[in-house]
Each structure stands twice: as structure tokens, then as C-alpha cells.
Amino acid sequence: MKIYSETLDRQKAYFRRGETLSYSFRINALRALKNALKAHETEILSALDKDLGKSSFEGYATELGIVYEEIGYLEKHLKKLMKPTRVKTPITQFYSRSYIIHEPMGSVLIMSPWNYPLQLTMVPLAGAIAGGNTAIVKPSRYSGAVSLVIKRIIEETFQPEYIALFEGGHETNTALLDLRWDFIFFTGSPAVGRIVHQAANRYLTPCILELGGKSPVIIEESADIPLTARRLTWGKFLNAGQTCVAPDYVLIKRGYASAFIEAMKKEIVKAFTSDPLNAEDLPKIINEKHFERIRGLISGSEAAHGGRCDVKHLRIEPTILYPVKETDSVMQEEIFGPVLPILEYDSFEEALDFVSSREKPLAFYIFSKNRKHIEKALASVSFGGGCVNDTVVHLTDPELPFGGVGNSGMGSYHGKRSFQAFTHDKSIMDKALWLDIGVRYAPYRNKLKLLKMLMK
């Protein structure tokens, strides 16, 4: 549609005028965004409940609170992040100053998903603002209530030639991806990530892809089983399992599965009562399509706990599948729901081989007291990020980059890396005029010995 290209053209013109470049402009925009979020807090939490059945606590803890922390970090560090970075200059280039300018990418597209619709829109948007860019935001149509609030916030806070938002589905996505951007930031599935990457390649547009995959958990015999069950129950069933870094399946030492399952059953009852389909703190599945997909995965394996579904309210109770074979349907795709398959292994090396032989996951978790095994797992398994003796919480630390590798994505953000994600490091060598050493100039005879002394 013409409105997309016209809006992008206006944003490009706005950027070329240098409107977004100053520290004062960027810091004021970050503060304006934070103030707008605070003014709409009640609406945001209500919309999260409408779209995903999130309690106010979970909505704040996993969405609003994380956005506030990200903006707070960028506010605190923005001036330092914007300063050119001095670096050393080789002796062969005496006398020179070398430094890096952190310039904005330009006009960027941010495409966000439905599972954390506020957080995964606003955190990259804060990075784009801090980086000095203009931005067009495209939220998911599945989380319509949250998208509407975000649209209201953006339209009330920013001029469209600076930041704009477009709603819609596949046609809108396609139309936006047809345009020439300076940078694309996408969060979603690997399947759609490939489409975005192909569109970016048309113009050699740089992009960050935050994808997903089957994030494994290894539980060793040395693990604290009750605490492991508690932390795994929290991480797995957060947002009803609709989390890109949710534990997707468990590999547990043979002989320990029964004790772990019993411990996890107790934790599920503690968290969601004995009637989880009516529990206040269990979110719902986003829509009927995903509900039916997850229900189909459950029917293909044996449930050791749970398995009941509420079609009317799109709720699935926390479900443990055991025993599970690697050929079961639940092991063939990312679950993205409140279902946890459990497989057993005989040796630690077998568990590592199982994980390493599959696509590189976004997250990896190990529960163990054996430091040698922990270090071996972290060194031998390739993954985006993860935790030792916990789940999910690594993404709450702004000092840790968040991103995938291979099939689970490319590039990272959060904290300092959000600024870096939306800027280009421009290298500069500033050469003095008062001195010009003649070694580099022809004729070269009798100069090789001196060159080797300088460049050894």
C-alpha cells in the first residue's frame, strides 16, 4: 500500500535532516516513551489479560517491568554509549588518532510477535530510539488488544515521520518487507525468519532475527530435584509455555524420572491448584489454531500428568509427557505451550550428543552440582544463552546479550547491545599533517628490513 512507502519516505527525509542525532533528542524520546507507558499501565495490563490471560503480576514482571528496566539502562548509559570510542593506532601510522563513531542505522523496521507483545515491541524500539533511528513498528495481529494500546501510545507520543505503527496481517508484512530499509529487527519463528531474511537480502539490508527452537534441559543425577522441579515449573509454564526460551523438553538421567515427575506434580499444584484450568495464574493459548496444534501434540504421547483442555477458554493445563521417544510428534517441532516431554539418557555424553545433533537452540539449561559436567556442557553445546540450575531468567539481565545462533537466530540485544544492534560502528583514522613518514612510498629498495621491524 502507498501509505507504507510514503511514511517510510517521510521518515528517511526526517532522518537525513539530522533530527534524531542529538543526545537531548534521544534521551527526551526515551523518557517520553517511558512516561507514556506509565500513563497507560492499566490499559496495558488489561490488554495482556484479554489477549493472553496474563495476571497483572505476570504482565508486569515479564512485560512492563522488563521494558522499564531496558529504558532505565539506556537512559543511564546513553551519553557514554554515544561517545566515539578511542582505539589504538599501529606504529606504522604514526602520528594518527583512531576512533569509532557509533552512527544510527537510519530508518528501521521492527516486527514483533504475539507471545510477549509489549516487551518484544518496546525493548527493540527503545534500542532504536537510543541508536538515533526512525522506526516503523509492525506488531502481531494475534495480540490485537495489546497492539491497539501500543498504537495509541506511539501516536500520542511521537510524530509519524519519527515513529509510526501499522497493524495488519500477512499482506501488511509482505508490503513492508518489499520496501528498502536500513535495518530490520524481527522476532518470531524460524520459518518466518527465513522469509524476512530473504526479503532483507534483496537490498543487502542488515537484520537481527530473534527466533526460537526446542530449548533443552539436562537434569543430572546430582541435581537438587525439588528445587529443579520448582524452577522448571515456573520457567516452563510461564505465559502457558508460550515463551521463546521456555524449556521445551527434558533429558534426565535414567532412574530419576519418577522422583522428578512427582516433585514437579507437587509444584504444579502449588502454583496452579489442583484445578489449573480454573486457576487465576495460568494464562491461555493465544488462539484456536495454536490451541488445536498443542492439543494434537499431547494426543501423540502418554501423559504422566495433566492433559486436560478447555476449548471454550483456550486453556491447557500444565502437562507432563512421559515416557517420550525422540520420534514422537512432540519432539518434531517447538511446542510453544504448557507441555513438557521427558526423555531419559544413560550417560552424560549421550545427553550432550542428543542436544548437539539437533538444531542450535535459543536457550539451554542444565541442572547439576557437577562443575566438570556443567563446564563441558557449556563448552560443547552451541546455543543462544541459558542458565545453570535455573531457567529463563538470563534474559532479565541487561548486561547479558540476548539472541540466538544458527536456526535460533542471529544478532543480539538488551542493554548496551540494544544500542549496538541499532547502530553501525564507523571506523575513522585521523592522520596528522605535520609528519609524513616516507617508508610506505615507492621506491621500496632497501626499505624491507625497516618495514619488518615496524610490522613484526
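Everything discussed here concerns the structure shown above.
Attention here is on the structure that accompanies the text. (Residues numbered from 1 in each chain as written. Predicted model: local features only at pLDDT ≥ 70, side-chain atom pairs only at ≥ 80, totals over all residues. Heavy atoms only, no water.)

It is worth spelling out the sheet that holds strand β2 (residues 96-104) at this point. With antiparallel pairing, the three strands of this open sheet are ordered in space as β1-β2-β18. Looking at the sheet topology across the chains shown, the edges are occupied by β1 (85-87) and β18 (423-431). On average, adjacent strands in this sheet sit at an angle of 30° to one another, irrespective of strand direction. (Pairing = 2+ DSSP bridges. Helix = DSSP H or I, 4+ residues; strand = E, 2+ residues; numbered from the N terminus. Axes fitted to C-alpha atoms, helices over the stretch in contact; angles between N-to-C directions.)

Further remarks concern the nonpolar core. Among the nonpolar cores identified, the biggest contains 88 residues, and Leu 37, Leu 125 and Ile 219 are the most heavily contacted of them. Of the residues forming this core, the biggest block, 10 residues, is contributed by helix α4 (residues 56-82). With residues up to four places along the chain from it excluded, the contact list for Leu 37 reads Ile 44, Leu 64, Val 67, Tyr 68, Ile 71, Leu 118, Met 122 and Ile 153. Grouped together as the second largest cluster of nonpolar side chains are 30 residues, Ile 294, Met 331, Leu 343 and Leu 352 included. (Core = buried A, V, L, I, M, F, W, Y, C linked by side-chain atoms within 4.5 Å. Buried < 20%, exposed > 50% of the residue type's maximum accessible area, 1.4 Å probe, protein only. Contact = heavy atoms within 4.5 Å.)

It is worth spelling out the packing of helix α2 (residues 23-39) against α4 at this point. Two elements in contact, α2 and α4, have axes whose closest approach is 10 Å; the angle formed by their N-to-C orientations is 170°. Classified by the interaxial angle, the pair formed by α2 and α4 is roughly antiparallel. For the pair α2 and α4, the crossing hand works out as left-handed. Side by side, α2 and α4 meet where Tyr 23, Arg 26, Ile 27, Leu 30, Arg 31, Leu 33, Lys 34, Leu 37 and Lys 38 of the first sit next to Leu 64, Val 67, Tyr 68, Ile 71, Leu 74, Glu 75, Leu 78, Lys 79 and Met 82 of the second. Classifying every residue of the contact of α2 with α4 by side-chain character gives 12 nonpolar, no polar and six charged. (Parallel < 35°, antiparallel > 145°, perpendicular 65-115°, else oblique. Left-handed = near helix turned anticlockwise from the far one by under 90°. Nonpolar A, V, L, I, M, F, W, Y, C, P; charged D, E, K, R; others polar.)

The subject of this paragraph is a positive patch on the surface. A cluster of basic residues, Lys 79, Lys 80, Lys 83 and Lys 416, forms a positive patch on the protein surface. Within the fold, Lys 83 resides in the loop between α4 and β1. Judged by its relative accessible area of 52%, Lys 83 is exposed. (Patch = residues over 30% accessible without salt bridge, like charges linked within 9 Å, V, L, I, M, F, W, Y side chains within 5 Å. Areas by Shrake-Rupley, 256 points an atom, 1.4 Å probe, with all protein chains shown as cover. Salt bridge = Lys/Arg side-chain N within 4 Å of Asp/Glu carboxyl O. Lys, Arg positive; Asp, Glu negative; His and termini not counted. Charge placed at Lys NZ, Arg CZ, Asp CG, Glu CD.)

What follows concerns the sheet that holds strand β13 (residues 319-321). Strand pairs in the sheet, formed through backbone hydrogen bonds, run parallel or antiparallel to each other. Reading across from one edge, β10-β13-β14-β9-β8-β15-β16 is the order of the seven strands in this open sheet, with mixed pairing throughout. The sheet is open, and its two edges are formed by β10 (303-305) and β16 (385-388), each paired on a single side. Across the sheet, the axes of successive neighbouring strands diverge by a mean angle of 25°, strand direction being ignored. Where strand β9 (residues 249-253) and strand β14 (residues 339-345) come together, four bridges link them in parallel fashion. Residue pairing across strands places Leu 251 opposite Leu 343, the latter belonging to β14.

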